[in-house]
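# Residue-level structural notes
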Amino acid sequence: MKVDINPKILTWAREERGMSAEDVAGKLKFDVSDLRQWELDGKDIHFGSLESVAKLYKRQTAVFFLPEVPAKVRKPKDCRNLAVNGGSFSPETMLAVRRTERYLQVARDLSGTLYWNGQYEWIKNFTGKEANLEKEINLLKEFLEINDVGNSSRRSDVAFRDWRTKIEEKLGIFVFQFPMQENELDGFSYAFEEFPYAIVINNQNPPVRKIFTLFHELGHMLKHNPGACKTDYSTESNQLAIELECNNFAGKFLVPAEHLKATTSVDEIFELAGRLNISGEVYLRRLSEEQKISKSKFFEILELVRERSNSFKKKKEKGAPSMIIQSKSTRGNKFFNSVTTGATNGKMSYSAASDLLGLKVGNIRL
């Protein structure tokens, strides 16, 4: 069976997936000229081919029969560095952006504007200005109910979960983890005119980098200037000023000056960094910022620290976690609980909750 569709929607769906016509044709074994013709006139398309396209684009087939082109997803500002600023995002990142916008809209629908406005009263206390950095770091610790961030005995993955829970529960910010290309970006902050907001972390990264990214993105929100970021220092020479400022915020929050020990031993740097659940490079940079080592010694040690960091291999987890644990890991406890409560209270159907959480209805009814 052949069908006619709105060709503009076909183009919109491909662009929203972050794919070129050649990408799609290669994935689906289509002739690229056929795909371009469909996007030109939308006529005589085999329904089976349309279903394959819909599956690749992560869309319902019915969307191609809508009379009007849906709105484009709002993308975070590209803050990665001056070289790639304004560049395109990969299909994985575009999917993460779409999922984030969808999840936040669900949260708005479930709780309403008044609720979320109340949850974000705290943000009015923050300017994000460098002159107020120390004061606002201390204020944030008050909101998060933190007395001391140093000398943790927790594993870094546990520390990440604890920080994530604090930010979700105390600040009302959702924290999602989605798969994105490892070298494309570490995460992004998603905050537009309406509440709630979200921080999205690249789940391909190790826990210590996730923790740093979490606070880097929080820094963006406190500055009221969200974006998509690479939080490492390897491209420091061409990074935007706001990226360096957010790195500075994350570093000072996670590594208070009183927890720094002046040392030039790479072994000791990694030992002390491990206690704080940060990377060796972050610790070294904080030593330099607080003038606990000389600039010449900093650059001498930096390459050794980077070599050590690159030698670490990501440990493979033994066994696959349950579907419920995977769902919570991706979406966070706050969103997971909001959806399950919404289904239980009749604010959404169990089938809708099942789709949002990637779980069978039986797992949600438990």
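A brief look at the structure comes next. All chains use their own residue numbering, which begins from 1 and follows the written sequence. In view of the model being predicted, local features appear only for residues whose pLDDT reaches at least 70, and side-chain atom pairs are presented and counted only at 80 or more, with totals across whole chains, interfaces and linings using the full set of residues. In computing side-chain properties, one takes all heavy atoms of the structure into account and sets aside hydrogens as well as water.

### Observations concerning the overall build of the chain
Helix and strand definitions here come from DSSP, where helices need a minimum of 4 consecutive H or I residues and strands a minimum of 2 consecutive E residues; each element is numbered from the N-terminal end. Broken down by element type, the chain carries 16 helices and six strands. As defined in this context, the radius of gyration uses C-alpha atoms, and a globule is described by 2.2 Å times the residue total to the power 0.38. A compact globule built from 366 residues should have a C-alpha radius of gyration of about 21 Å, and the chain, at 23 Å, falls within 12% of that. On the principal axes, the C-alpha backbone points of the chain span a range of 75 × 45 × 45 Å. A simple rule labels every residue: compare its accessible area, found with a 1.4 Å probe on the protein chains alone, to the largest value its type can have, and call it buried under 20%, exposed over 50%, or partly exposed in between. Residues classed as buried in the chain amount to 49% of the 366 residues present. Nonlocal contacts in the chain, meaning residues at least 24 apart in sequence, comprise 68% of its contacts between residues at least 6 apart. Where accessible areas are quoted, they stem from the Shrake-Rupley method and a 1.4 Å probe; at the residue level, only the protein chains shown are allowed to cover. For the chain, the exposed area adds up to about 18,300 Å²; of that, 49% sits on carbon and sulfur atoms. Counted as positive: Lys and Arg. Counted as negative: Asp and Glu. His and the chain ends are not counted at all. The location of each charge is read from NZ of Lys, CZ of Arg, CG of Asp or CD of Glu. A gap of 4 Å separates the mean positions of the 55 positive and 49 negative side-chain charges of the chain. The contact rule is simple, with two residues in contact once any of their heavy atoms fall within 4.5 Å.

### Structural notes on helix 15 (residues 350-357)
For helix 15, the complete set of buried residues consists of Ala 353, Ser 354, Leu 356 and Leu 357. Taken end-on, helix 15 shows its buried residues confined to a sector of 165°, consistent with a single buried face. Tucked inside the fold, the buried residues of helix 15 contact helix 5 (91-111), helix 14 (323-344) and helix 16 (361-365). In the segment just after helix 15, Gly 358 is the residue with positive phi, at about 65°. Comment: arc refers to directions from the helix axis out to C-beta atoms.

### With respect to the packing of helix 12 (residues 280-289) against helix 13 (residues 295-311)
Between helix 12 and helix 13, whose axes approach to 10 Å, the crossing angle comes to 180°. Here helix 12 lies roughly antiparallel to helix 13, going by the angle between them. Of helix 13, the residues touching helix 12 (which contributes Gly 280, Glu 281, Leu 284, Arg 285 and Ser 288) are Lys 295, Phe 298, Ile 301, Leu 302, Val 305 and Arg 306. Polarity classes work like this: nonpolar for Ala, Val, Leu, Ile, Met, Phe, Trp, Tyr, Cys and Pro, charged for Asp, Glu, Lys and Arg, and polar for all others, with Gly in that last group. Here the residues of the contact of helix 12 with helix 13 are counted per class, giving five nonpolar, two polar and four charged. Axis lines are fitted to C-alpha atoms, over the contacting stretch for helices. Their N-to-C directions set the angle, which ranges from 0 to 180 degrees. Any angle between 65 and 115 degrees counts as roughly perpendicular, while under 35 counts as roughly parallel, over 145 as roughly antiparallel, and the rest as oblique.

### Section: the sheet that holds strand 6 (residues 228-229)
An order of 3-5-4-6 is seen for the four strands of this open sheet, with the pairing classed as mixed. Of all strands in the sheet, those bounded by a partner on one side alone are strand 3 (174-178) and strand 6. The strands touched by helix 8 (residues 156-171) are strand 3 and strand 5 (198-202); relative to strand 3, the strand with the most contacts, the crossing angle is about 140°. Along the sheet, helix 9 (residues 207-222) contacts strand 3, strand 4 (187-190), strand 5 and strand 6; its crossing angle with strand 5, the most-contacted strand, is approximately 150°. Strands pair, by our definition, only if DSSP identifies at least two bridges between them.

### Some words on helix 9
Each residue after the first adds 1.5 Å to the expected span of a helix. Here helix 9 is 16 residues long and its end C-alpha atoms lie 23 Å apart, about the 22 Å a rise of 1.5 Å per residue gives. Most of helix 9 is tucked away: 13 of the 16 residues are buried. Immediately beyond the C-terminal end of helix 9, within one or two residues, lies His 224, with a positive phi of roughly 60°.

### A look at the packing of helix 14 against helix 15
Running from amino to carboxyl end, helix 14 crosses helix 15 at an angle of 175°, the nearest separation of the two axes being 10 Å. In terms of their interaxial angle, helix 14 and helix 15 are classed as roughly antiparallel. Residues Ser 327, Arg 331, Phe 335, Phe 336, Val 339, Thr 340, Ala 343 and Thr 344 of helix 14 pack against Tyr 350, Ala 353, Leu 356 and Leu 357 of helix 15. Across the contact of helix 14 with helix 15, the residue classes break down as eight nonpolar, three polar and one charged.

### Concerning the environment of Asn 125
Mapped onto the elements of the fold, Asn 125 is located in the loop between helix 6 (113-119) and helix 7 (133-144). When its relative accessible area of 43% is taken as the criterion, Asn 125 is described as partly exposed. Once the C-alpha coordinates of Asn 125 and Leu 140 are considered, the two residues, 15 residues apart in sequence, prove to be 9.4 Å apart. Sequence-distant contacts of Asn 125, defined by excluding residues within four places in its chain, comprise Glu 136, Leu 139 and Phe 143. Only 3.0 Å separates the side chain of Asn 125 from the backbone oxygen of Trp 122, close enough to count as a polar contact. Identification of polar contacts relies on pairs of N or O atoms within 3.5 Å, with a donor-acceptor requirement for protein atoms, meaning one able to donate a hydrogen and the other able to accept it, and with residues adjacent in sequence counted only if both atoms are side-chain atoms.

### Describing the pairing of strand 3
Among the five residues of strand 3, five are classified as buried, and the element is accordingly described as predominantly covered. By the alternation rule, side chains of strand 3 split into Phe 174, Phe 176 and Phe 178 and Val 175 and Gln 177, which are all buried. Where strand 3 meets strand 5, five bridges bridge the pair, whose relative direction is parallel. Looking at the pairing, Gln 177 lines up with Ile 201 of strand 5.

Spatial relationships are all this shows, so hold off on functional conclusions.
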